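Letter by letter, the chains look like this.
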Amino acid sequence: MARPTIADIAQRAGVSKGAVSFALNGRPGVSEATRERILRIAEQMAWRPHSAARALGASRVDSVGMVIARPARTLGVEPFFAHLLSGVQSGLSAESISLQLLIVEDTETEVEVYKRWTSEHRVDGVILVDLTVRDPRIDALKELELPAVVIGGRGGKGQLASVWADDRDAMLTIVEYLAALGHRRIAHVAGTPIFQHTQRRIRAVRDAAPRLGLVDAPSLTTDFSDAEGAATTRRLLAQADRPTAIVYDSDVMAVAGLGVAMEMGVSVPGDLSIVAFDDSILTQLMHPALTAMSRDTFDFGRQAAEVLLEVIANPEVPVNRRTADPVLTVRESTAPPA
């Protein structure tokens with residue numbers, strides 16, 4: 001993808017290259033009206049100074065990027081992302097590659113970051129997380145021709161490289177285990193509904209319900225925060241026909257749910273069984289310790305870094321790597337219903 005030059009800006013603005021240089025560097029020699037017009041055209045053409053020019057002479061910058069579009073406050077208490085990032089950095093450090101990490105508020109901002117990184121040649125490739133339904137990032141990255149790997153799902157039905165585990169099978173394992181214990185009212189406190197992995201888990205619960213004879217199996221979406229996890233649990237436990245088991249899409253929400261159950265005098269596991277989709281030190285240190293789906297999140301991140309480096313080295317060869325499925329670790333928070 002050709003990057004705009006000072007000559008391109010000069011041609012569009014109808015001025016000399018010297019005038020463009022004066023305007024971009026804040027030097028006298030052009031009128032304010034001309035300076036503003038040149039700066040506006042430079043922005044429209046996604047021109048960036050210095051770093052792009054330096055990078056044009058090199059084929060690699062030995063750096064990859066990762067942008068996470070979630071509230072920074074929520075990420076701060078997520079053990080999953082801490083382990084994932086550690087694994088990514090481990091895989092990159094082994095090849096002396098650095099990681100640029102940014103946390104933004106929404107997908108639109110994330111796409112703008114990719115455009116800026118590409119125009120400045122800041123990174124050799126990027127790692128995507130939280131694939132969304134009809135994700136706009138897929139087409140944007142294909143258009144930018146920026147090597148990328150998706151963690152947790154197949155990017156654009158295989159358009160981008162991916163490293164993933166089967167969320168559907170994992171959720172089915174949880175629901176089938178609870179049904180085998182005798183639970184027929186199983187609630188699912190799900191994550192953000194726009195995420196593909198959230199939708200896969202919701203569909204798994206919905207599809208399993210008739211086969212397992214569940215009386216009620218609602219999925220209630222949240223933003224993955226402890227606050228919404230707690231609020232949703234409180235609503236569920238206040239119902240006349242409350243669930244006898246709740247599955248949470250994250251360890252943080254499961255811990256929050258356990259706190260609400262204790263606050264409301266609901267015994268775990270006597271009156272309520274709790275399962276967390278993610279395992280961590282949080283679920284292990286609770287009393288009772290929480291049953292959870294366990295996986296090596298560190299290695300998940302390491303493999304994502306490994307695949308991205310493969311794609312950077314050979315962009316024409318698609319890589320779609322399925323990792324080991326999570327394993328259900330049964331602890332003290334699950335038992336047959338009273």
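Residues numbered from 1 in each chain as written. Predicted model: local features only at pLDDT ≥ 70, side-chain atom pairs only at ≥ 80, totals over all residues. Heavy atoms only, no water.

Within an unreviewed UniProt entry, the label attached to the chain reads LacI family transcriptional regulator, and the organism entered is Kribbella albertanoniae.

### Describing the packing of helix H1 (residues 6-13) against helix H3 (residues 32-44)
Formally: For helices, the fitted axis covers only the stretch in contact; all axes are lines through C-alpha atoms, and the angles between them, taken along N-to-C directions, range from 0 to 180 degrees. Secondary structure elements are taken from DSSP: a helix is a run of H or I of four residues or more, a strand is a run of E of two residues or more, and numbering for both begins at the N terminus. Note on terminology: angles under 35 degrees are roughly parallel, angles over 145 are roughly antiparallel, angles of 65 to 115 are roughly perpendicular, and the others are oblique. It is the rotation of the near helix from the far one that decides the hand of a crossing: anticlockwise by less than a right angle makes it left-handed, clockwise makes it right-handed. By definition in these notes, contact holds between two residues if any of their heavy atoms fall within 4.5 Å.
Running from amino to carboxyl end, H1 crosses H3 at an angle of 120 degrees, the nearest separation of the two axes being 10 Å. Classified by the interaxial angle, the pair formed by H1 and H3 is oblique. In the crossing of H1 with H3, the sense of the turn from one axis to the other is right-handed. For the pair H1 and H3, contact is made by Ile-9, Arg-12 and Ala-13 and by Arg-37, Ile-38, Ile-41, Ala-42 and Gln-44, respectively.

### Some words on the packing of helix H2 (residues 17-24) against H3
What counts, and what does not: Residues are grouped as follows: nonpolar covers Ala, Val, Leu, Ile, Met, Phe, Trp, Tyr, Cys and Pro; charged covers Asp, Glu, Lys and Arg; every other residue, Gly included, is treated as polar.
At a minimum axis distance of 9 Å, the contact between H2 and H3 shows a crossing angle of 85 degrees. Here H3 runs roughly perpendicular to H2, going by the angle between their axes. In this structure, H2 contributes Ala-19, Val-20, Phe-22, Ala-23 and Leu-24 to the contact, and H3 contributes Arg-35, Ile-38, Leu-39 and Ala-42. Of the residues contributing to the contact of H2 with H3, the split by class is 8 nonpolar, no polar and 1 charged.

### Topic: the layout of surface pockets
Selection rule: The distinction between a cavity and a pocket rests on a 1 Å grid over the protein atoms alone: a 1.4 Å probe fits inside a cavity but cannot get out, while a pocket stays open yet meets protein on both sides within 12 Å along at least five of seven lines, and a residue with an atom within 4 Å of a point counts as lining. Grid points are joined across faces, edges and corners, and a volume is the space filled by probe spheres set on the points. For the purposes of this description, domain bounds are those given by an automatic or database domain assignment.
Of the pockets and cavities examined, the second largest pocket occupies roughly 250 Å³. What lines the second largest pocket is a set of 20 residues, among which Ala-69, Thr-107, Thr-132, Ile-194 and Phe-195 lie closest to the centre. At the level of elements, strand S1 (63-69), helix H7 (107-120) and helix H8 (136-144) are the ones that each hand at least two residues to the lining of the second largest pocket. The dominant element in the lining of the second largest pocket, judged by the number of residues it contributes, is H7, at 3 residues. In terms of residue class, the lining of the second largest pocket is built from 9 nonpolar, 3 polar and 8 charged. The residues that make up the lining of the second largest pocket include at least three from each of domain 2 (63-165 + 297-325) and domain 3 (167-294).

### Points about the domain arrangement of the chain
Parsing the chain into structural domains produces domain 1 (6-48), domain 2 (63-165 + 297-325) and domain 3 (167-294). Just the C-alpha atoms count here: the centres of domain 1 and domain 3 sit 57 Å apart.

### Brief notes about the nonpolar core
Put simply, the test is: What we call a nonpolar core is a set of buried Ala, Val, Leu, Ile, Met, Phe, Trp, Tyr and Cys residues that are connected through their side-chain atoms within 4.5 Å. Relative accessibility under 20% of the residue-type maximum defines a buried residue, over 50% an exposed one, and the middle range a partly exposed one, all with a 1.4 Å probe and only protein chains included.
Residues Leu-84 and Leu-92 are the most contacted members of the largest nonpolar core, which totals 26 residues. The leading source of residues in this core is helix H14 (residues 297-313), at 8 residues. Apart from the residues lying within four places of it in its own chain, the contact partners of Leu-92 are Val-64, Ile-97, Ser-98, Leu-99, Ala-305 and Leu-309.

### Overview of the pairing of strand S9 (residues 273-276)
This is how it is decided: Any two strands are treated as partners once DSSP identifies two or more bridges connecting them. The definition of a right-handed crossover adopted here requires that, viewed with the strands pointing away, the path from the first strand over the helix to the second runs clockwise.
The alternating pattern of S9 places Ser-273 and Val-275 on one face and Ile-274 and Ala-276 on the opposite face, and all of these are buried. Judged from the 4 bridges that link them, strand S8 (residues 245-248) and S9 form a sheet pairing that is parallel. The partner of Ala-245 across the bridge, within S9, is Ser-273. Taken together, S8, helix H12 (residues 251-263) and S9 form a β-α-β motif whose crossover is right-handed. Examined bridge by bridge, S9 and strand S10 (residues 291-294) share 2 bridges and lie parallel to one another. Its bridge partner being in S10, Val-275 is matched across the sheet by Thr-291.

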